[in-house]
Amino acid sequence: MLWFRPRVVIWGDGLYKEGMIQVVCGLIVNGEGRLLICQRPEGKAQAGLWEFPGGKIDQGESAREALRRELIEELGCEVEVGEALTSVRYAYDDYSICLIPYICRLLDGQEPKAIEHSNIEWVRGDERLVTSADYALAPADIPILEEWVERFGD
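Moving on to the overall build of the protein. Along the backbone of the protein there are three helices and nine strands. Helices (α) and strands (β) of the protein occur, in sequence order from the N terminus, as β-β-β-β-β-α-β-β-β-β-α-α. Expressed as a percentage of the 154 residues in the protein, the buried residues total 47%. Pairs at least 24 residues apart make up 71% of the contacts formed inside the protein by residues separated by at least 6 positions. Accessible area for the protein stands at about 8000 Å²; split by element, carbon and sulfur atoms hold 49% of it.

This is the structure:
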């Protein structure tokens, strides 16, 4: 069973495609209030785009458990999973996802590493990131960043 708020933003063509994939992502915030974004590697869908780290929820796993597991696999670090933000349903050309974002904090002594990404960066989570040419975000991550900016931006 998934535990997240029922609020949903629908982006893309808004059409549900059979077998919508349940995905989690973490907005990891450091001590300076910066967010961690990760660049998708070559050879993967949306290669070169930036995203909030996370991944698919496995059968029998809660969203929070999946996020903790994915961040250990992708970044080699453990986090405290906090508040859920608004879930996003996004229909790509050949698949659809329901992306469930959480605000996260690194546990003491943890330092993320780019294990499964080309690059990782700590960035200001403000309106400039939404339109940044330097950090082109994956489409499903854009409404999550917009909510962050609306609620917590400088």
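Moving on, there is more to tell.
Position of E51 among the secondary structure elements: in strand β4 (residues 50-51). Residue E51 is classed as buried on the basis of its relative accessible area, which comes to 11%. One polar contact links E51 to R40, side chain to side chain, over a distance of 3.1 Å. A distance of 2.9 Å separates polar atoms of two side chains, one belonging to E51 and the other to H117.

The end-to-end C-alpha separation of helix α1 (residues 63-75) is 18 Å, in line with the 18 Å expected for 13 residues at 1.5 Å each. Taken together, the buried positions of α1 are occupied by A63, A66, L67, R69, E70, L71, E74 and L75. Looking at the residues trailing α1, positive phi occurs at G76, about 65°.

This brings us to the side chain of D126. Mapping D126 onto the fold places it in the loop between β9 (119-123) and α2 (127-130). Reaching out from D126, the side chain makes a polar contact with the side chain of R124 at a distance of 2.9 Å. Side chain to side chain, D126 and R128 meet in a polar contact 2.4 Å long.

Most of strand β7 (residues 87-91) sits inside the fold, with four of its five residues counted as buried. Inspection of the sheet shows β7 paired to strand β8 (residues 96-106) by four bridges, in the antiparallel sense. Among the inter-strand pairings, V88 is bridged to a residue of β8, identified as L99. Where β7 folds back onto β8 in an antiparallel hairpin, the turn is made up of four residues.

Attention shifts here to the nonpolar core. Counting 24 residues, the largest nonpolar core has L27, F52, I97, L99, I144 and L145 as the members making the most contacts within it. When residues of this core are traced back to their parent elements, those giving at least two are β2 (21-29), β3 (35-39), β7, β8 and α3 (142-152). Apart from residues no more than four positions distant in its own chain, I144 is found in contact with C25, L27, F52, L85, V88, L99 and P101. Formed by 21 residues, the second largest nonpolar core is a distinct cluster that contains I57, C77, V81 and C98.

Turning our eyes to something else, we now look at the pairing of β2. Here nine bridges tie β2 to β8, and the two strands are oriented parallel to one another. Residue Q22 lies in a different strand from β8, and its bridge partner there is C98. By the bridge criterion, three bridges tie β2 to strand β5 (residues 54-56) in an arrangement that is antiparallel. Within β5, the residue paired with V23 across the bridge is K56.

Quick look at the pattern of salt bridges now. Side chains that carry opposite charge are capable of pairing whenever their charged atoms lie near each other. Scanning the entire structure with this criterion turns up ten salt bridges. R40 is the salt-bridge partner of E51, the closest N and O atoms lying 3.1 Å from each other. Residue E51 is located in strand β4, and its partner R40 is located in the loop between β3 and β4; the two are separated by eleven residues in the primary sequence. Accessibility classification places E51 together with R40 in one group, the buried group. Among the salt bridges present, the one from R105 reaches E80, with a minimum N-O distance of 2.8 Å. Taken as a pair, R105 in strand β8 and E80 in strand β6 (residues 79-84) lie far apart in primary sequence, 25 residues in all. R105 sits in the partly exposed class, given a relative accessible area of 39%. Given the relative accessible area of 41%, E80 is considered partly exposed. Linked by salt bridges that have partners in common, D58, E61, R69, E70 and E73 make up one network.

Reading the values: rules and limits
- Note on numbering: residues in each chain are counted from 1, in written sequence order.
- With pLDDT at 70 or above as the cut-off, local features in this predicted model cover only qualifying residues; side-chain atom pairs require 80 or more to be listed or tallied, and sums for whole chains, interfaces and linings still use all residues.
- Side-chain numbers come from the whole structure's heavy atoms, not from hydrogens or water.
- Each helix is a run of DSSP H or I of at least 4 residues and each strand a run of E of at least 2, with the numbering of both proceeding from the N terminus.
- Exposure is judged per residue with a 1.4 Å probe applied to protein chains only, and the accessible area is read against the type maximum: over 50% gives exposed, under 20% gives buried, and values in between give partly exposed.
- Only heavy atoms matter for contacts: two residues are in contact if any of them lie within 4.5 Å across the pair.
- Computed with a 1.4 Å probe, the accessible areas rest on the Shrake-Rupley method; for each residue, only the protein chains presented here act as cover.
- Polar contacts, as used here, are pairs of N or O atoms within 3.5 Å; protein pairs need one atom able to donate a hydrogen and one able to accept it. Residues neighboring in sequence count only if both atoms are side-chain atoms.
- For a helix, the expected span equals 1.5 Å multiplied by the residue count minus one.
- Two strands qualify as a pair provided DSSP detects at least 2 bridges between them.
- By nonpolar core we mean a set of buried residues, namely Ala, Val, Leu, Ile, Met, Phe, Trp, Tyr and Cys, connected to one another through side-chain atoms within 4.5 Å.
- Definition used for salt bridges: Asp or Glu carboxyl oxygen within 4 Å of a side-chain nitrogen of Lys or Arg.

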